[in-house]
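A closer look at the structure
Read off the chains here:
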Amino acid sequence: MPRLVVVSNRLADPRKTAAGGLAVALADVLNNTGGLWFGWSGKIVEASAGGKAGEGELHSTQAGAVKLVTLDLSREDHDAYYVGYSNGVLWPVCHYRLDLADFDAGYIAGYRRVNQLFARKLKPMLREDDIIWIHDYHLIPLAAELRALGCSQRIGFFLHIPLPPPLILAAIPGHDWLIRALFAYDLVGFQSEADHSHFCSYVQTEAHAQNLGEGRWRAFNRTVQAGAFPIGIDVEEFTALAEAPEGREMYERMRREYSRRKLLVGVDRLDYSKGLPHRMRAFREMLQKYPETHNSATLIQIASPSREDVSAYNDILHELESLCGSINGNFGELDWMPVRYMHRTVARTRLPGLYRASRVALVTPLRDGMNLVAKEFLAAQDPQDPGVLVLSRFAGAAEQLREALLVNPYDIEGTANAIHLALQMPIEERRSRHQSLISTIKEYDVHWWCDGFLDTLAKAKAEETGTPWLRL
Ligand code: GDG
């Protein structure tokens, strides 16, 4: 089996439980192939008094059979590539928030510079028959940069965030360059059919690509295959965490603490795409409209700190704090606080117990590539007495999880009614919805995702014709 090389902005030790998500997903195949995982170390090197910071120092560690290699970034590169273009332009635009994008002309050069640096540092470590899998919006042009250095390995790309429709995408300075760069891959994967269809419309209308059928497109003297590969979770691993001593202990504690009340739970990175203020307004509306819920329902909202160096994240923090404060101030009683809000990261081993003790999960992003919390909540439930998932129709997960209570998070009253319905739902309905949902997430779990992408990549060798295909 060829070696798998994974490249992503950040990486995690696949042997550790705390790593979660992607690391767990990739652990098996990285281990089995003695793989390499490459990315940014998270370290920023300041310029020394005399001049420029030394960029790109490599750090290498062995995690079992997997080699982890990271590189440092200079302050200037980090600010333009990570804070600027990735999180100040691509993240908001791909989440349909043109109003929050900061289109500074200097960012794109830094973004390209770091992708070139990644390519230069990675190339000497590559073998001819490696399979390379590049992840997410930070690294869109990486394959093009590797090709420019002469790399001809099979390269796949997976976008974890949404791809918006062509007219929104077109607001990104350099959008044509970015999409052209996607043609350097052999396979490009998206989270949902909706995202995939946006790619198809864009390449047809803006790049006049030729549709070769079966997801294949020709443009810029290259062919690329594209498709939807909805990411899943490791259901078994998550269920095992729920049943491990720490998971059980957390569950018992929450049940004792909230024995007289129904718990609602929200677990999100504190990000404006997650719709937290809208969620709080919907919860407030429910308390207003259905007074019988007073004193009987408590919402625990964990908002883990995220990207605190991007200014839009500070605004959302203040808005959320003020909403939680006013809900508790207006509705709270001496022995009941409607909202318990925590701006903190909770240990991964404690999440399953918290999910299992909750009657309702609120997963109401304004836009989300997939949303793994929705799937984790389902995996942690007791099938005999499961909780109810209230899910935004704008999460990629809504394409698969049709038996959740789907809501439009912009419709505050509609969402409030759905939360109320979820709290009242009879046990038979909860069981039958959960049964369908759990079988979906078991069938389309993270191993299905990983194997499906890599099998398709193994067959999807692009054709290159004639003249140089990419001038960046
Ligand atoms: C991107 C896309 C896509 C959250 N708070 C804590 C914590 N978490 C964990 C959750 C979950 C993960 O972080 C969040 O995953 P999501 O999918 O919900 O969202 P993003 O971070 O935005 O991820 C998203 C995903 O990539 C995968 O492709 O689904 O659409 O935006 O696993 O449990 N974990 C711990 N403490 C916390 O406080 N330990």
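Presented here is an overview of the structure given in this document. These figures come from a predicted structure and were not determined experimentally.

So, on to helix α11 (residues 311-331). Its 21 residues place the ends of α11 31 Å apart at the C-alpha level, agreeing with the 30 Å of an ideal helix rising 1.5 Å per residue. Within α11 the residues assigned to the buried category are Ala312, Tyr313, Ile316, Leu317, Leu320, Leu323, Cys324, Ile327, Asn328 and Phe331. Buried residues of α11, seen end-on, are gathered within an arc of 140° and therefore sit on one face of the element. Turned more than 90 degrees away from the buried face of α11, the exposed residues are Ser311, Asp315, Gly329 and Asn330. Each element contacted by the buried residues of α11 is listed here: α2 (75-94), α10 (276-289), β12 (297-304) and β13 (339-342).

Nonpolar side chains tend to gather and get buried jointly when the protein is soluble and globular. By size, the foremost hydrophobic cluster in this structure holds 101 residues, and its most contacted members are Val7, Phe118, Ile134 and Phe199. If one sorts the elements of this core by residue count, α2 sits on top with 10 residues. In this structure, this core is formed jointly by two domains, domain 1 (4-232 + 448-459) and domain 2 (235-442), each of which donates at least three residues. Beyond its immediate chain neighbours, meaning those up to four positions away, Ile134 contacts Val7, Leu139, Leu142, Ala143, Leu146, Ile155, Gly156, Phe157, Phe158 and Tyr185.

This part is about the packing of aromatic side chains. Per the counting criterion, the structure on display carries 21 aromatic pairs. With 5.7 Å between their ring centres and 50° between their planes, Trp91 and Tyr137 make a pair best called tilted. One end of the pair, Trp91, is in helix α2; the other, Tyr137, is in the loop between β5 (131-135) and α4 (142-148), with 46 residues separating them in the sequence. Tyr137 matches Trp91 in its accessibility class, with the two residues each being buried. Seen from their ring centres, Phe190 and Phe199 are 5.3 Å apart, and the 40° between their planes marks the pair as tilted. Each of the two residues, Phe190 as well as Phe199, counts as buried.

Let us now look at the site of the ligand. Among the 23 residues in the neighbourhood of the ligand, the closest are listed as His160, Val346, Asp368, Leu372 and Glu376. Within the contact set of the ligand, an oxygen atom lies 2.9 Å away from a side-chain nitrogen or oxygen of Gln191. Interatomic distance of 3.3 Å between a backbone N/O atom of Arg348 and a nitrogen atom of the ligand. Starting from 720 Å² of accessible surface for the ligand in isolation, the protein chains cover 85%.

The mixed open sheet is built from 10 strands, whose spatial order is β3-β4-β2-β1-β5-β6-β7-β10-β9-β8. The strands lining the two open edges of the sheet, one partner per strand, are β3 (58-63) and β8 (210-213). Going from strand to strand, the sheet's axes swing by 25° on average, the running direction of each strand aside. Relative to strand β6 (residues 154-158), helix α16 (residues 446-459) is tilted by about 140°, and along the sheet it contacts β1 (4-7), β5, β6, β7 (187-190) and β10 (222-228).

Our focus in this paragraph is unusual backbone geometry. The residue Asp136 is not glycine, and still its phi comes out positive at about 75°. Among the structural elements, Asp136 can be located in the loop between β5 and α4. Located in the positive-phi region is Asn371, a residue other than glycine, with phi close to 95°. Relative to the helices and strands, Asn371 resides in the loop between β14 (360-363) and α13 (372-379). On the accessibility criterion, Asn371 (7% relative accessible area) is buried.

A one-sided burial pattern is seen for β13, the buried positions being Val339 and Tyr341 and the unburied ones Arg340 and Met342. Two strands pair when backbone bridges link them, and β12 and β13 are joined in this way by four bridges, in the parallel orientation. Following the sheet pairing, Ile300 is matched in β13 by Arg340. Note that the unit made of β12, α11 and β13 has a crossover that is right-handed.

Per the stated rule, a full pass over the model turns up 20 salt bridges. Asp79 serves as the salt-bridge partner of Arg75, at 4.0 Å between the closest nitrogen and oxygen. Separated by four residues within a single helix, Arg75 and Asp79 lie in helix α2, roughly one turn from each other. With a relative accessible area of 33%, Arg75 lands in the partly exposed category. Using a relative accessible area of 32% as the deciding quantity, one classes Asp79 as partly exposed. Put simply, Asp271 and Arg269 hold a salt bridge, and the shortest N to O gap is 3.3 Å.

Attention shifts here to the packing of helix α6 (residues 175-182) against helix α7 (residues 193-205). Two elements in contact, α6 and α7, have axes whose closest approach is 11 Å; the angle formed by their N-to-C orientations is 105°. If you check the angle between α6 and α7, you find them roughly perpendicular. Facing α6, whose interface residues are His175, Asp176, Ile179 and Leu182, α7 presents Phe199, Tyr202 and Val203. Broken down by class, the residue content of the contact of α6 with α7 amounts to five nonpolar, one polar and one charged.

Analysis parameters
Residues numbered from 1 in each chain as written. Predicted model: local features only at pLDDT ≥ 70, side-chain atom pairs only at ≥ 80, totals over all residues. Heavy atoms only, no water. Helix = DSSP H or I, 4+ residues; strand = E, 2+ residues; numbered from the N terminus. Expected span 1.5 Å × (residues − 1). Buried < 20%, exposed > 50% of the residue type's maximum accessible area, 1.4 Å probe, protein only. Arc of directions from axis to C-beta. Contact = heavy atoms within 4.5 Å. Core = buried A, V, L, I, M, F, W, Y, C linked by side-chain atoms within 4.5 Å. Domains from an automatic or database assignment. Phe/Tyr/Trp six-rings, centres within 6.5 Å; stacked < 30°, edge-to-face > 60°. Near = heavy atom within 4 Å. Polar contact = N/O pair within 3.5 Å; in protein donor to acceptor, adjacent residues only side chain to side chain. Areas by Shrake-Rupley, 256 points an atom, 1.4 Å probe, with all protein chains shown as cover. Pairing = 2+ DSSP bridges. Axes fitted to C-alpha atoms, helices over the stretch in contact; angles between N-to-C directions. Right-handed = clockwise from strand over helix to strand, strands pointing away. Salt bridge = Lys/Arg side-chain N within 4 Å of Asp/Glu carboxyl O. Parallel < 35°, antiparallel > 145°, perpendicular 65-115°, else oblique. Nonpolar A, V, L, I, M, F, W, Y, C, P; charged D, E, K, R; others polar.

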